Every structure is written in structure tokens, then in C-alpha cells.
Amino acid sequence: MNSCRWLVIVVLSLVQVTPSFSAPKHPKAFLIFTNVNIVNVRTGKIVPNMTVVAIDGKIEGIAKVALIGRGRNMQVINASGKYLMPGLWDMHAHSAGGPAKPWSEKVILPLYIANGITGIRDMGGDLELLEDRRSRIESGGLVGPNIVLGGPFLDGGKPQDYTIPVNTPEEGRKTVDELKSRGVDFIKVLSGIPREAYFAVAEEARRQKIPFAGHVPREVSAGEASAAGQHSIDHAADVMLACSSKETELRSKLIDAVAKDDAAAYTAAGLDILATYDPAKARSLFTQFARNGTWQVPTLVWWDTTARLRSPELATDPRLRYLPSAARKSWNQGTFQEQITPEHAAALQKTAARYSELARDMHAAGVPFLVGTDSPNPFVFPGFSLHEELQSLVKSGFTPAEALYAATLAPMEFLRRSDRGVVEKGHVADLVLLNANPLEDIRNTEKIAGVALRGRYFSREDLDKMLAQAEAAAQAEPSGAK
Ligand SMILES: [Zn+2]
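Keep in mind the model is a prediction, meaning the values are calculated, not measured. (Residues numbered from 1 in each chain as written. Predicted model: local features only at pLDDT ≥ 70, side-chain atom pairs only at ≥ 80, totals over all residues.)

**What to know about the nonpolar core**
Moving on, step 1. Val-52, Leu-84, Ile-187 and Val-201 are the most contacted members of the largest nonpolar core, which totals 132 residues.
Moving on, step 2. Two domains each donate at least three residues to this core, and these are domain 1 (3-86 + 424-476) and domain 2 (88-415).
Moving on, step 3. The residues touching Val-52, leaving out its near neighbours within four places in the chain, are Phe-33, Val-36, Ile-38, Ile-59, Ile-62, Leu-84 and Val-423. (Core = buried A, V, L, I, M, F, W, Y, C linked by C-beta atoms within 7 Å. Buried ≥ 20, exposed ≤ 12 C-beta atoms within 10 Å, placed from the backbone. Domains from an automatic or database assignment. Contact = placed C-beta atoms within 7 Å.)

Below, the structure written as C-alpha cells:
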């Protein structure tokens, strides 16, 4: 067979290519994985025993057999028996400000990278800090994931930290306009925006060609949000309400409970929503989502974890070593045991189980999905939780390949980008090397042997060092550290 020789030449020719018209500023950096099983997230299949060559951060060659030399700028990873998949994206994370305020970059960014998270959609927080980190990450001065950012939250009511109050259509239009010129990637909407103001946000966002995403405001139905062009609906609570045969009545009860700050009434209305689920209404809503491209980010790990906050075993979670001292108060498990009654915990557990079924049904109806976690809410650990979300999606009925797609290529489709998300020539080398096949068992995404970030390779040893440094930083930090 002559094909082997030909393939050798393909790889060697890559090595030798140097454009004659411009002298390279620096020697090209090679990252080469030999004999690796590629996880093709496009087809959901394994392509066995390949050589993958990345040059200066980009995948430039994939071949069956390759003869490769050794050089100072050439890192060769013998990946025999290992699996190479694209880097993961957490499409609902908070990394700076908001729920992430106590988490400094020294703690939170390594947790993403060590867990193979090479991209996040930051769903609300400190815009300046996010922009600063993003530019340092892109220039290579800081190790961290790609960041897609919305900046501050838009919500009704009074001004709050990291939140721009939007109570009127004028405020809605003005805020979209200002944030667009500040350079955010999308607009994050929350539950308290009044109806007319929300539709003004939607209209202005459409006019300015900037996506808006997040919660559906309480005064708006999920179907209306889909028709208004909301790009993603996060947490699915608004979807569940829109599937109720008593939607209007229960919506009023929820609005009333929030106005009176009545948690018991809120929980009761929530259980009524579950009890009045109307499958026919749900089906037509899901068809609408699929047709309009209204993406769902159910954050099942957040629902599951919230339902377990009373459980004593959380207090001994080994990952608590990465919890910054400043976050210890809000993650105090003893407080949750006092605050959450067993009845409330039972209601939360029932709710979490129903959201898993809701995800299953939407997925079966062809609604597009993204993997998101809502970390770092209590006990939803940055980085680690993405793997839990993948497992939750598989438990709800996704195949491992479908769950992986929702964390790799689907985010690129959602973001209308084509530079990442798959192990193919021409794509950025944001990669995760695994010790076992994730298509056989989704839990294998946790068996990380190495991570490449724009072609910079971190071995297991490097990642462990990174985690140890994050742990030390978490312990050392005063409250409110940046
Ligand atoms: Zn969130």
C-alpha cells in the first residue's frame, strides 16, 4: 500500500511550509497528537488512530499515519488509546461579578481550564472586569477560556449591583443601544422586566442586530418571547409555566407572590404549574421553539443541586477546597439545612425531576439545546459542573454524542461562529484529551489527560498544578478579591 507513504508526505510538507513572501516572526509552534482516537462531534462517531497536527494554535493536518520529526518547537503527545475531543463550552456561567463576585480570576479561570472548559458564555456580571480579562486572555497574558459576554443584567425594579434597571420601553431601548456600543456580545434579560419594556428591548435588539437571551420576564409568555426573537431561554422555568393549562392564573399568582415576597405562595404556585402540565400545549410550544430557533439552556445541574442543598453530604464535597473564603458564607450548608424545610426540599426534588423530563420532551421535539450550568451558584462548582450537566442531559434521554454536541459544536452554531467546536482542519486547537471514550460513557469526559488552549498544551501534571494553585488562592483570598 502506497497510501501510508503519501500521508507521511502530507504531514512532512506541512512541517516544511514557510511562506516565502513574509518571514515568520517566530518559529512555528507544533502540537502533535499521535495515534489518537478523534471524537467527531459532528457525526457522533470515533475516528480511530489518527495523527492531529496543530501549528500556531490551529489544526492544520489530520492524517492516518504520519512520520514526524523532533524539534524545539514541536510538542509530540503520544495519545495511544486516548480520545481527543473539542474543548467544552459552558453556555451559562458567571465568571466575574454577580454570583461570581467572590471568585477571583486566580481561582475561577483555572477551574474552567482544568476541567476542559475552553469557552464560556458569561450570563451577567462585571462588564469592565470581563472585558479586561478577555483582552488579557486573547493576548496570551492570562490563561482562561474564550469569553462571550453580556455584561450587566437588565431587570425591572431599582438599581442593583451589575444590573441596569429597565422599567419603561424608553429605558429598554436606551440600554440596548448603550450596551451595543460598549461592545457586548448579547443582552441578558431577567424576570422582572415589565412587559412593554421587554418588547421594546426585543425590538431594539433586532434593529441593532444584537441577540438577547436569559430569562423570560414573568409578565411575558415563553411563546411570546420566542416570537419576539429571544435567542435562548435559560433554566426552562418560563417554559414549564407556558406548558400549564392554567398559565394565566398561575402567572398572576407568581407575580403576586414575588410582589409580596411570599416564598410559600411562590412554591405552591410552582407545584401547581407542574400539576397542570398540558402535553398538547407543550407540543405546540416546542414546535414553535424548533421553528424559531429558540435555544434551551435548562441548567439541570443547578435544579438538581438546589434540590439537594439540605443534604449533609454536600458539606464534605472535596471540591470545597476551591471555594474562596469570601464565598463560604453564601455556601454555608448549615444555613441551608435551617432555611429549607423538608417539605420545601421535597417540592424542589419533584421540580428538578420534572425539569429533566421537560428537557427530554423538548429535545425529542427537535428543540436546540446548549449545555450550561449557572455556576457558581451554591454547590454548582465552576468547571466541574459542566460534566454534571452533561450527565444530567444523558440521564434525561440525550445520547452521549448529543450531549457533547450541545457543549461543543452547538455553541458555535448558536454564536454563528465556525472557528472552533470540532476536531477538524482549520479549527482552533482548543482540545481535550481523555483517557476513555466519552461516547461509551459520558462520565468519561471527567477523565482528562490534557487540555490544549489555542494550541498551548497542559498535561495532567500541569492541570493538577493549576488546581493546586487555585486551591491556594481560594484559601488566601480576602473577601471581594478581584
Ligand atoms: Zn445565571
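**Concerning the domain arrangement of the protein**
Moving on, step 1. Assigned domains within the protein: domain 1 (3-86 + 424-476) and domain 2 (88-415).
Moving on, step 2. Placing a centre on the C-alpha atoms of domain 1 and another on those of domain 2 gives a separation of 32 Å.
Moving on, step 3. The interface of domain 1 with domain 2 comprises 26 residues on the first partner and 27 residues on the second.
Moving on, step 4. Those elements giving two or more residues to the side of domain 1 that touches domain 2 turn out to be β5 (83-86), β16 (448-453) and α17 (460-476).
Moving on, step 5. The greatest single-element share of the side of domain 1 that touches domain 2, amounting to nine residues, is contributed by α17.
Moving on, step 6. The residue makeup of the side of domain 1 that touches domain 2, split by class, is 17 nonpolar, four polar and five charged. (Helix = DSSP H or I, 4+ residues; strand = E, 2+ residues; numbered from the N terminus. Nonpolar A, V, L, I, M, F, W, Y, C, P; charged D, E, K, R; others polar.)

**Here we look at the environment of Gly-141**
Moving on, step 1. Mapped onto the elements, Gly-141 comes out in the loop between α3 (127-138) and β8 (146-149).
Moving on, step 2. The exposure class of Gly-141 is exposed, given the 10 C-beta atoms found within 10 Å.
Moving on, step 3. For the pair formed by Gly-141 and Glu-440, sequence separation is 299 residues and the distance between their alpha carbons is 37 Å.

**Here's the deal with the confidence of the model for the protein**
Moving on, step 1. Put simply, the protein has an average pLDDT of 92, and 93% of its residues get 70 or more.
Moving on, step 2. pLDDT under 50 marks residues 1-23. Its contacts with residues more than four places away, or in other chains, come to 24 contacts. (pLDDT = per-residue confidence, 0-100.)

**Comments concerning the sheet that holds strand β14 (residues 295-297)**
Moving on, step 1. Read from one edge to the other, the open sheet built from six strands follows the order β10-β9-β11-β12-β13-β14, with strand pairing classed as parallel. Bordering the open sheet on either side are β10 (163-165) and β14, each of which pairs with just one other strand. Ignoring strand direction, the axes of neighbouring strands in this sheet form an average angle of 30°.
Moving on, step 2. The pairing of strand β9 (residues 153-155) with β10 spans three bridges and is classified as parallel. Within β10, the residue paired with Asp-155 across the bridge is Pro-165. (Pairing = 2+ DSSP bridges. Axes fitted to C-alpha atoms, helices over the stretch in contact; angles between N-to-C directions.)

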